[in-house]
Structures are given as C-alpha cells and as structure tokens.
Amino acid sequence: MRLTVAVFALFVSCIGAFAPSSSASRRRSMVPPIRLSGSVALKVATIESSTTGAFSPSSSDQIMTGAMGDLTGIAFSGLKGKALSWRDEDFPKSIDVKKTIPAECFEPDTTTSMAYLAFSLAATAACTAVGVGMLSLCSPSNPFTWPLWAAYAAVTGTAATGLWVVAHECGHGAFSKNKRLQDVVGYTLHSLLLVPYFSWQRSHAVHHQYTNNLELGETHVPEQIPEENGGSSDLRKSMLDKFGTENGLKAFGALQGFLHLIVGWPAYLLWGATGGGARGMTNHFFPDPLTEPDIPSKELFPGDWKQKVVMSDIGIAAVVGGLVAWTFCNGLPQMMALYGGPYLVVNVWLVLYTWLQHTDVDVPHFSMDKHSFMKGAFHTIDRPYDKLDPWGIIDFLHHKIGTTHVAHHFDSRIPHYKAQMATDAIRQNFPELYLYDPTPVPEALWRICRGCTAVEQRDNRWIWNNEGLEEKLQKQ
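Now for a description of the structure that goes with this document. (Residues numbered from 1 in each chain as written. Predicted model: local features only at pLDDT ≥ 70, side-chain atom pairs only at ≥ 80, totals over all residues. Heavy atoms only, no water.)

1. Quick notes on the overall build of the protein
Phase 1 of the analysis: Helices and strands together make up the secondary structure of the protein, namely 16 helices and five strands.
Phase 2 of the analysis: The buried share of the protein, taken over its 476 residues, is 56%.
Phase 3 of the analysis: Contacts in the protein between residues at least 24 apart in sequence constitute 74% of all its contacts with a sequence separation of at least 6.
Phase 4 of the analysis: By element, 62% of the accessible surface of the protein is carried by carbon and sulfur atoms, the whole surface being about 19400 Å². (Helix = DSSP H or I, 4+ residues; strand = E, 2+ residues; numbered from the N terminus. Buried < 20%, exposed > 50% of the residue type's maximum accessible area, 1.4 Å probe, protein only. Contact = heavy atoms within 4.5 Å. Areas by Shrake-Rupley, 256 points an atom, 1.4 Å probe, with all protein chains shown as cover.)

Okay, structure coming up:
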C-alpha cells in the first residue's frame, strides 16, 4: 500500500513539475554570439558510494566552478556548475574510457535478459489482473471511482515501464546477440506501448550521437532566446508580470509540466517537437520529412530506414485496431482504465528519464562545431531514482535506467544488468567528468520545469539564462 501511495504521489508531482522547452516551437533562430573571456577552474571532491550501489556525494562535497567569465543569470543545481567548468581538452577519447570498463560489460547474456523480461511481464500482468478484478467492484464509468483507477494506473504504468526499458535495450542491441530474437521482443513490446520500434530505434540512436547538440540533437533541444519578442522565455516573463514572481513562476512551471508530460511524447512522434531544426519537421510514422530539412544530408530516416518506418507502422496499426475493437465491445471507460491510464504513466516515466538525464539549469548545450560524441555523453546526468521509495523498488522495476545513464550514453550496448559495473568504472577513473546530482527527483523536476526555458550563447556554450530568478530556482 505504501508503494501505491508513493508511486501515485510521484505521478501527481510530475504533472505539475516537469518543463519542456516549448514543444510548440520546434524551429529556432540563431542569436548573435556573446563573446566572453576567462578561464574555469574545477575543484573535484571525492564521491562516495552508497550502500545500495548508487553514487551519492557526501554532504561535505563541494563541487565548485571557478572564474568562468560570466555567471550572470545562471542558477545552480546539485551539480554546482560542474558542467560549466570543463574545457574541450578535458574530454578523453572514447577508446580511453572503454579501456577502463571491464570487457564483460559489453557482452549481453540472452538468458539473463530473458529473465528480466519475464520479471517485467509478470509484474505488469499481476497489476493488470488486479485491474480486471477491480472492474466488478468499481466501474470505471463511475467518476467516483476515478481516484482508485488513477492509483491503479500509477502502479501498473510504473511496472509496465520496465517492459519499455527492455524494448529500448533491444533497440540498442543490448538484449541479445541473437538479432532476430532481439527485434521480435523489441518490436512486440514497443508496438504494445504504441512506440514505432524501428522508427524510434533510429531517432533514439541519433539522440545518442548528438546529445546536447543544439542543431542536430533529436530530443529535448532547447529553443534559443529570440532577438524579438516570442517564445517560452517571453511567455514566462509575461506570466511573472501578470501573477507576480512567485505565483507566475509556479504557473509557468505547471503549464510547461502539463504540456510536456501529457502532450510532449505524442507531439514528438507526430511532428518532432523539441527536436533540432536541422532535419526539418519529422513524423515517426511517415518516412519523409514533413518540411524541407535545413541540412538534407541529416534527414532523420535516410535510405533503408524508410522501409523500416513502414514496418513499424504495421505493428502500431495492429495495436490501435485492437484498442478500437476493445472500445467498441466494452466501452471507452474500461479501455482507458485498464490500458489508457497505465499507458499515460509509462509516457510520463519516459519523459522524466529522457529529460532529466540531459538537462538542468547549469548544464549547457553546444553548437554543431563545438559538439562531440564524448562531450554529449559526459553531459549526461545520473540521478537518485533509487531514493524515490524507501526500498528502491521503482529503480529496480525500471532496471536502473536513471541511476546508470551516463554509462548507457557512453556505450548503449551495455546491458542494464552490467551498467552499474560500468558506472563504477567511469566514476572511479573520471570523477572530474562524472555528473551525479543528489537533488531528489521531484525537486529536480520542479527546478527544470521553471528554469529551463530558452538558452543564449556565451563563449562556446549555450546556457540557460535565469537572471533575477536564481535564488528562487535554487530554493526548493
């Protein structure tokens, strides 16, 4: 019962505490660069390992920035500006990082992967069985039962997210060396969750290649502060002017949270919301760009991927057809209670992970000529998802995808059950580059929701300018 309450409370907090970079504004105009000078010094403290195996900086750790030139308007997360301290020459080569990770981390084991799949299937099936039993006791067509069905959706969707993670691993080639088995599992699971398997496999690989790239990034690419009025930064300002700083900031955060959590995922699939502008407007169910790409050679679905998009559509069409038949036979309330509600919760978790692992008020983005794969990988953030409940059950159900995400972005072929070992190696060998924010996840969500609106260029970075709001964003 405590787990049910904890999961439901987190779900409710997410609805009002998650911010995208204006999903309605996919195309951004460039702003003139602001040239800054100054060097950056970094003091690295020792990071201790918690008893659960995840990393938690001790209370005495003070990771600090040095003279970065201009820190005006920069709020600080639990990272304390660490990512703003790095120089290009600080990043190692991929081969040097790989040498520090045990070779066994790169070898998937089919039996182990199938065991985790079976566990996630069993957990989801058990929750669903409870839901089916609830139908005779509390009809979902009765509005007075909706709080119970919301709790059911929170728990079942949380369990089903484990299946999403397994399918995601299939798309990366980390499930099995048997490619046919891997694709069958991934295609089936993702189709059941209305994710076009091959289409998303391609776009997600692009996201990995261009993490925090302002032009070529594929998800959660921030808009740039425009020269003229418009965009989310001006929307926030107008809300602050109308409702006052405190209430306006809350209202803006709540609005952005709703748009991103509820609308953001389907908007990304349908028209590429929050993707970089270089590829034009995209649709994961249609192989060609909807608008002319700025860089035609960077088309999202080139060559053979166009046929794979169509193959993905077949699976989605089959599931949608089943849902329509279900609704026709048993009514919309039942379908939404048993499938629609948990589906929305899965989407919430998906957005939480993908957004928080690469974004915070003091984590920058980069222009095309200043970006590299290793720079993007090391701008990934591990967070304390193991602290979401007293027993770390949610983190376990989700196969630790949020607590070991840095290693995943270095090499996505590492299976989740070996990612902690790889994380330990990266943290021990590159402590000055490893990002872990101890901020509790709901607090981090709320900070990002209010503070990550639009970016401006300073020197070789694009940073979030929150001038005048720094203290409020840092105060939880």
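2. Thoughts on unusual backbone geometry
Phase 1 of the analysis: Here the phi dihedral of Leu-194 falls at roughly 60°; this positive angle occurs in a residue that is not glycine.
Phase 2 of the analysis: Within the secondary structure, Leu-194 sits in the loop between helix H5 (179-192) and helix H6 (197-209).
Phase 3 of the analysis: If you check the backbone angles, Thr-274 has positive phi at about 70° while not being a glycine.
Phase 4 of the analysis: Judged by its relative accessible area of 5%, Thr-274 falls in the buried class.

3. What to know about helix H8 (residues 245-271)
Phase 1 of the analysis: Between its first and last C-alpha atoms H8 spans 33 Å; for 27 residues at 1.5 Å apiece the expected length is 39 Å, and the helix comes up short by more than 12%.
Phase 2 of the analysis: For H8, the principal kink sits at Val-263 and spans about 55°; a proline, Pro-266, occurs within the next four residues.
Phase 3 of the analysis: Among the residues trailing H8, Gly-272 stands out with phi positive, at a value near 70°. (Expected span 1.5 Å × (residues − 1). Bend = angle between axes of the 7 residues up to and from the residue.)

4. Description of the environment of Leu-249
Phase 1 of the analysis: Residue position: Leu-249 is located in helix H8.
Phase 2 of the analysis: Residues Leu-249 and Cys-449, 200 residues apart in the sequence, show an inter-C-alpha distance of 9.3 Å.
Phase 3 of the analysis: Residues in contact with Leu-249, not counting those within four places in the same chain, are Arg-236, Leu-240, Gly-244, Arg-450, Leu-469, Lys-472 and Leu-473.

5. Notes on the packing of H6 against helix H9 (residues 305-330)
Phase 1 of the analysis: In the contact formed by H6 and H9, the axes pass within 6 Å of each other and the chain directions differ by 135°. Taken as axis vectors, H6 and H9 run oblique relative to one another. Contacts from Tyr-197, Phe-198, Ser-199, Gln-201 and Arg-202 of H6 reach H9 at Trp-305, Lys-308, Val-309, Met-311 and Ser-312.
Phase 2 of the analysis: Split into classes, the residues belonging to the contact of H6 with H9 amount to five nonpolar, three polar and two charged. (Axes fitted to C-alpha atoms, helices over the stretch in contact; angles between N-to-C directions. Parallel < 35°, antiparallel > 145°, perpendicular 65-115°, else oblique. Nonpolar A, V, L, I, M, F, W, Y, C, P; charged D, E, K, R; others polar.)

6. What to know about the pattern of salt bridges
Phase 1 of the analysis: Under the criterion given, the structure shown has 19 salt bridges.
Phase 2 of the analysis: Ionic pairing is found between Arg-447 and Asp-360, a salt bridge with its closest N-O pair at 2.7 Å. A residue pair is termed long-range when its members are at least 10 positions apart, and Arg-447 in helix H15 (residues 441-451) and Asp-360 in the loop between helix H10 (332-356) and helix H11 (373-378) qualify at 87 residues.
Phase 3 of the analysis: Taking the shortest distance from any N to any O, the salt bridge between Glu-456 and Arg-458 comes out at 3.0 Å. (Salt bridge = Lys/Arg side-chain N within 4 Å of Asp/Glu carboxyl O.)

7. Some words on the sheet that holds strand E3 (residues 223-224)
Phase 1 of the analysis: Overall, mixed pairing links the three strands, which are arranged E3-E4-E5 in an open sheet. Bordering the open sheet on either side are E3 and strand E5 (461-464), each of which pairs with just one other strand. (Pairing = 2+ DSSP bridges.)

8. A look at the nonpolar core
Phase 1 of the analysis: Core analysis: the largest hydrophobic core is formed by 48 residues, its most contacted members being Trp-164, Leu-194, Trp-265, Tyr-339, Trp-349 and Leu-356.
Phase 2 of the analysis: Of all the secondary structure elements, the ones that give two or more residues to this core are helix H4 (146-172), H8, H9, H10, H15 and E5.
Phase 3 of the analysis: The element best represented in this core is H10, accounting for 13 residues.
Phase 4 of the analysis: Residue contacts for Leu-194: discarding those within four places in its chain leaves Leu-269, Ile-316, Val-319, Val-320, Leu-323, Tyr-339 and Tyr-343.
Phase 5 of the analysis: Leu-79, Val-363, Phe-378 and Ala-407 belong to the second-largest nonpolar core, a separate cluster that totals 25 residues. (Core = buried A, V, L, I, M, F, W, Y, C linked by side-chain atoms within 4.5 Å.)

9. Remarks on the packing of H4 against H5
Phase 1 of the analysis: Between H4 and H5, the shortest axis-to-axis distance is 8 Å and the interhelical angle comes to 140°. Relative to H5, the element H4 lies oblique. You can see that H4 and H5 cross each other, and the crossing is left-handed. The segment H4 lies against H5, with Leu-163, Trp-164, Val-166, Ala-167, His-168 and Cys-170 engaging Gln-182, Val-185, Gly-186, Leu-189 and His-190. (Left-handed = near helix turned anticlockwise from the far one by under 90°.)

10. What to know about helix H3 (residues 110-134)
Phase 1 of the analysis: When the terminal C-alpha atoms of H3 are compared, their 36 Å separation across 25 residues agrees well with the 36 Å that a helix rising 1.5 Å per residue should span.
Phase 2 of the analysis: If you check which residues of H3 are buried, you get Ser-113, Leu-117, Ser-120, Ala-123, Thr-124, Cys-127, Gly-131 and Met-134.
Phase 3 of the analysis: Buried residues in H3 make contact with H4, H5, H10 and helix H12 (393-397).

11. Some details on the pairing of strand E4 (residues 454-458)
Phase 1 of the analysis: Among the five residues in E4, five count as buried, and that is most of the element.
Phase 2 of the analysis: By the alternation rule, side chains of E4 split into Ala-454, Glu-456 and Arg-458 and Val-455 and Gln-457, which are all buried.
Phase 3 of the analysis: In terms of strand pairing, E3 meets E4 through two bridges, oriented parallel. If you follow Gln-224 over to E4, its bridge partner there is Val-455.
Phase 4 of the analysis: Pairing geometry for E4 and E5, over four bridges, is antiparallel. The residue bridging Glu-456 from the neighbouring strand is Ile-463, located in E5.
Phase 5 of the analysis: Count of turn residues in the E4/E5 antiparallel hairpin: two residues, of which Asp-459 carries a positive phi of about 55°.

12. Overview of the side chain of Ser-191
Phase 1 of the analysis: Assignment of secondary structure puts Ser-191 in helix H5.
Phase 2 of the analysis: The residues contacting Ser-191, other than those within four sequence positions of it, are Gly-315, Ile-316 and Val-319.

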